[in-house]
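# Analysis of the macromolecular model
Chain by chain, the residues run as shown.
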Amino acid sequence: MSYIIGKACIGCIDGGCLKVCPVDCIHGPINTTGMGKESLNMTEQEKVGKQLYINPIDCINCGACIAECPVDAIYRDEEFAIALNDEESIEKNYGFFGLKFN
C-alpha cells in the first residue's frame, strides 16, 4: 500500500509535498526520477493537465505530504482512493512509474 496523489492535484502542483517528503518519492509531472523539481519552475499554463505522483516502491507511508497539500489531493492508500471512486488516479500513479496496480 502506498499514498496516492489524486486528481485534485491536476493543474495545481503546489509543490509543498515535495519539500517535506523525507525519501524524495514524489515525482513528476514529467520526469519519473526528478523529485518533482521541474514542477517548481513551471508556469500556471504549463501546469494545466499535469500532476505529481508518488512512487509506491519508495514511499514509506509517513504522511508528511498530506498536511502540505492545499487541495487535499493525497490519499493514504489505494483503498481510500477506491472508496472515493478515484481508481483512475491509482492507475495513473502506478503507470507513471511503469508499474501495474494488482
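Residues numbered from 1 in each chain as written. Predicted model: local features only at pLDDT ≥ 70, side-chain atom pairs only at ≥ 80, totals over all residues. Heavy atoms only, no water.

### Topic: the nonpolar core
Soluble, globular proteins show a tendency: their nonpolar side chains are buried together. Definition in use: We define a nonpolar core as any set of buried Ala, Val, Leu, Ile, Met, Phe, Trp, Tyr and Cys residues linked to one another through side-chain atoms lying within 4.5 Å. Relative accessibility under 20% of the residue-type maximum defines a buried residue, over 50% an exposed one, and the middle range a partly exposed one, all with a 1.4 Å probe and only protein chains included. Whether two residues touch is decided by their heavy atoms; if any such pair falls within 4.5 Å, the residues are in contact.
By size, the foremost hydrophobic cluster in this structure holds 16 residues, and its most contacted members are Ile5, Cys17, Ile26, Leu52, Ile54, Cys65 and Ile74. What isoleucine 26 contacts, discounting residues up to four positions off in sequence, is Ile5, Cys17, Leu18, Cys21, Met35, Gly36, Leu52, Tyr53, Ile54 and Cys65. Counting residues in hydrophobic clusters, the runner-up holds five residues, among them Ile4, Tyr75, Ala81 and Tyr94.

### Digging into the side chain of asparagine 93
Spelled out, the test is: Secondary structure elements follow DSSP: runs of H or I no shorter than four residues count as helices, runs of E no shorter than two count as strands, and numbering proceeds from the N terminus.
By secondary structure assignment, the location of asparagine 93 is in helix H5 (residues 87-96). Contacts of asparagine 93, omitting those with residues within four sequence positions, involve Tyr3, Ile4, Ile5, Tyr53, Ile54 and Pro56.

### A word on the state of the cysteines
In protein chemistry, a disulfide is the covalent bond that joins the sulfur atoms of two cysteines. Heads up, the condition is: When two cysteine sulfur atoms are found within 2.5 Å, that pair is recorded as a disulfide.
Evaluation of the coordinates by the stated rule reveals zero disulfides. Free cysteine: cysteine 25, not disulfide-bonded; nearest cysteine sulfur from cysteine 21 at 3.6 Å. Left unpaired, cysteine 62 is separated from the closest cysteine sulfur, that of cysteine 21, by 6.1 Å.

### A few points about the environment of proline 22
Tracing the sequence through the fold places proline 22 in the loop between helix H1 (16-20) and strand S2 (26-27). Each C-alpha atom of the pair proline 22 and cysteine 65 lies 9.4 Å from the other, and the pair is 43 residues apart in sequence. Apart from the residues lying within four places of it in its own chain, the contact partners of proline 22 are Ile60, Cys62 and Ala64.

### A look at the environment of lysine 92
The topology assignment puts lysine 92 in helix H5. The exposure class of lysine 92 is partly exposed, given its relative accessible area of 28%. Along the sequence, lysine 92 and valine 48 sit 44 residues apart, while their C-alpha atoms lie 16 Å from each other. In this structure, lysine 92 is in contact with Ile10, Gln51 and Tyr53, ignoring residues within four places of it in sequence.

### A look at the side chain of lysine 47
Topologically, lysine 47 is positioned in helix H2 (residues 44-47). Ignoring anything within four residues of it in the chain, the contact list for lysine 47 reads Gly11, Cys12, Ile13, Ser39 and Met42.

### Quick notes on the packing of aromatic side chains
The condition that has to hold: Aromatic pairing here means that ring centres of Phe, Tyr or Trp (its six-membered ring) are within 6.5 Å. Orientation follows from the plane angle: under 30 degrees is stacked, over 60 is edge-to-face, and everything else is tilted.
One pass over the structure, following the stated rule, counts four aromatic pairs. Between tyrosine 53 and phenylalanine 96, the aromatic rings sit 4.2 Å apart at their centres with planes inclined by 15 degrees, giving stacked as the arrangement. With tyrosine 53 in strand S3 (residues 53-54) and phenylalanine 96 in helix H5, this residue pair connects regions lying 43 residues apart in the sequence. Residue tyrosine 53 is classed as buried on the basis of its relative accessible area of 10%.

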